[in-house]
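Commentary on secondary and tertiary structure
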Amino acid sequence: MSTTSAQPQPTEPRSRLLRAAFRSFAAIEKVGNKLPNPFWLFWILAGVVAVLSAVLATVGVSAVHPGTHETIDVRNLLSKDGLTMAVEGAVDNYAAFPPLATILTVMFGIAVAERSGLFAALLRRMVARVPGRYLTFALSMTAMVSHVAGDAAYVTLIPLGALIFRAAGRSPVLGCIVAYVSISAGYDASPSLTPTDVLLSSISTAAAHTIDGDYVVTPLANYFFGLGSSVLIALVITLVVDKVLTRRSDLEPDEPVTEPDATDLTAIEVTGQQRRALRVTGLVAVGFLGLLAVSMIPASSPLRGEDGGIVDSPLIGGMALVLGVFFALLGTVYGRMTGTFSAARDIIAAMADGTRSMAPILVLFFAISQFLAYFKWTNIGNILAVKGAETLRELDMHGWTVLVGIAVLITFMNLLITSGSALWALAAPVLVPMLMLIGIEPETTQAVYRVADSVTNCVTPMSPYFVMALGFIQQYRKSAGIGTLASFTIPIAAVVWVVWIAFFVAWYLLGIPFGVG
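Here is what the cut-offs are and how they apply
Residues numbered from 1 in each chain as written. Predicted model: local features only at pLDDT ≥ 70, side-chain atom pairs only at ≥ 80, totals over all residues. Heavy atoms only, no water. Phe/Tyr/Trp six-rings, centres within 6.5 Å; stacked < 30°, edge-to-face > 60°. Buried < 20%, exposed > 50% of the residue type's maximum accessible area, 1.4 Å probe, protein only. Helix = DSSP H or I, 4+ residues; strand = E, 2+ residues; numbered from the N terminus. Patch = residues over 30% accessible without salt bridge, like charges linked within 9 Å, V, L, I, M, F, W, Y side chains within 5 Å. Areas by Shrake-Rupley, 256 points an atom, 1.4 Å probe, with all protein chains shown as cover. Salt bridge = Lys/Arg side-chain N within 4 Å of Asp/Glu carboxyl O. Lys, Arg positive; Asp, Glu negative; His and termini not counted. Charge placed at Lys NZ, Arg CZ, Asp CG, Glu CD. Expected span 1.5 Å × (residues − 1).

Here the focus is the packing of aromatic side chains. Within the structure shown, the criterion is met by 22 aromatic pairs. Here Tyr223 and Phe224 contribute two aromatic rings whose centre-to-centre distance is 6.2 Å and whose plane-to-plane angle is 65°, an arrangement assigned as edge-to-face. Exposure remark for Tyr223: the relative accessible area of 24% places this residue in the partly exposed category. Residue Phe224 is classed as partly exposed on the basis of its relative accessible area of 37%. Aromatic side chains Phe504 and Phe514 sit 5.6 Å apart centroid to centroid with 35° between the ring planes, which places their arrangement in the tilted category. Within this pair, whereas Phe504 is found in helix α23 (residues 482-510), its partner Phe514 is found in the segment after α23, the two being separated by 10 residues in sequence. No difference in accessibility class separates Phe504 from Phe514, as the two residues are buried.

Structure follows, in structure tokens:
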């Protein structure tokens, strides 16, 4: 007679704080699961804007623009003019949505680099031969670099982190945790430019035009801060993991850690052919960047802006194209050297595949673009910005306290709306112009948003990658559940949030530029 043993259940944590946190996350998950898909959520919000505009227009709500001293009245979206704009302008609203073309341009190049195998080989190369004492920091810093690959970083780096830790004789569960938290909690921090830089700067620019039609937030607007933040977060995660989490008694997998077999080693090691391809690709990258730098030296260079300017130059303004060409070039070189691409048509196929992977975002962008067009046309956003700025002036709050308050707000909103672009599209039209009116630049507002939007990614069960990370962990510990993963990620996220916000406030108070712009 065969017998089956009951599968062990995850144990409750002893800490009252963690138990309370788990109950809170369970409530968030319950509420979040009842929210509609972001596509429908923005259409619902569009309906709310329509009804609200009709009510506010009827009662005569208005505000005086502090710059032009013109009276801003709420416009009724349900009027004839409003409905005409909504129907006739739908295509233009979508086509003119700033992130649409820019993110597609970048993703053409990213897709070539990703499908050539360049990103996967580069990530493996960065952590495969690191001494054990530096392994946690190396894996975390590699995750910061991996942000350039977007969401593909989760699929590549989490299982790789487990294998790397296993090969070093450490807990593969902890390897999964380090990779997952580093990618998610530090998602908006990177030592290199990423598609997120292009996406958020486009939304910020559109929001800034409410106050200044000529204002441009460049993709490099937060680069200095992102570079410093990436190193800081990797250090913080390393300290929390190596000094605290490694002392936990529940790190061992269901089966003892063994030496990786041939299949595992293949997944970790970089072949000789790949190493040669990486070296050549690196030289091409240096040559490309060097060529751009040299081309910007002459004051009369066509890549410079008016009067020889650099910030307002075609190179900075066309950063989406520059990034797209850069990654497409590197992916092509690597793919041809490793045999991933055997003909020019393979490169086109890689771009097409990348576009197909963007389909859900393109669908979401249609809903967001219509909502933002309605919101802008009704003037509700402008009036909220003016009234909000007046309130902040009356409260006489310091700039940094306002920014920290916004960070707290965004942190909690991100628990339910996990899409960074969707949340910024919702918040930017109010926050950016409101803070501009009290002297806080859009680059600064965008920077504090990126801090708040990143950290809670690793703790919210609403994120699809939370479930993905749990799946990888369950390969080693079948009893692991949401509480298991949260008990690891909550302490890390809490420390990262406090340290990163303190780092932001110090950066802001010292007046250090957040980036180029």
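Taken together, Arg125, Arg275, Arg276 and Arg279 make up a surface patch of like positive charges. Broken down by element, the residue count for the positive patch peaks at 3 residues, all from helix α13 (residues 272-295). Within the secondary structure layout, Arg275 lies in helix α13.

This paragraph deals with a nonpolar patch on the surface. A cluster of nonpolar side chains, contributed by Val51, Val55, Val59, Leu78 and Leu83, occupies part of the molecular surface with about 450 Å² of accessible area. Ranked by residues supplied to the nonpolar patch, first place goes to helix α2 (residues 38-59) with 3 residues. Mapped onto the secondary structure, Val59 falls in helix α2. On the basis of relative accessible area, Val59 is assigned to the exposed category, the value being 60%.

Moving on to helix α9 (residues 172-185). With 14 residues, α9 extends 20 Å between its outermost C-alpha atoms, agreeing within 8% with the 20 Å of an ideal straight helix rising 1.5 Å per residue. For α9, the buried fraction is high: 14 of the 14 residues fall into the buried class.

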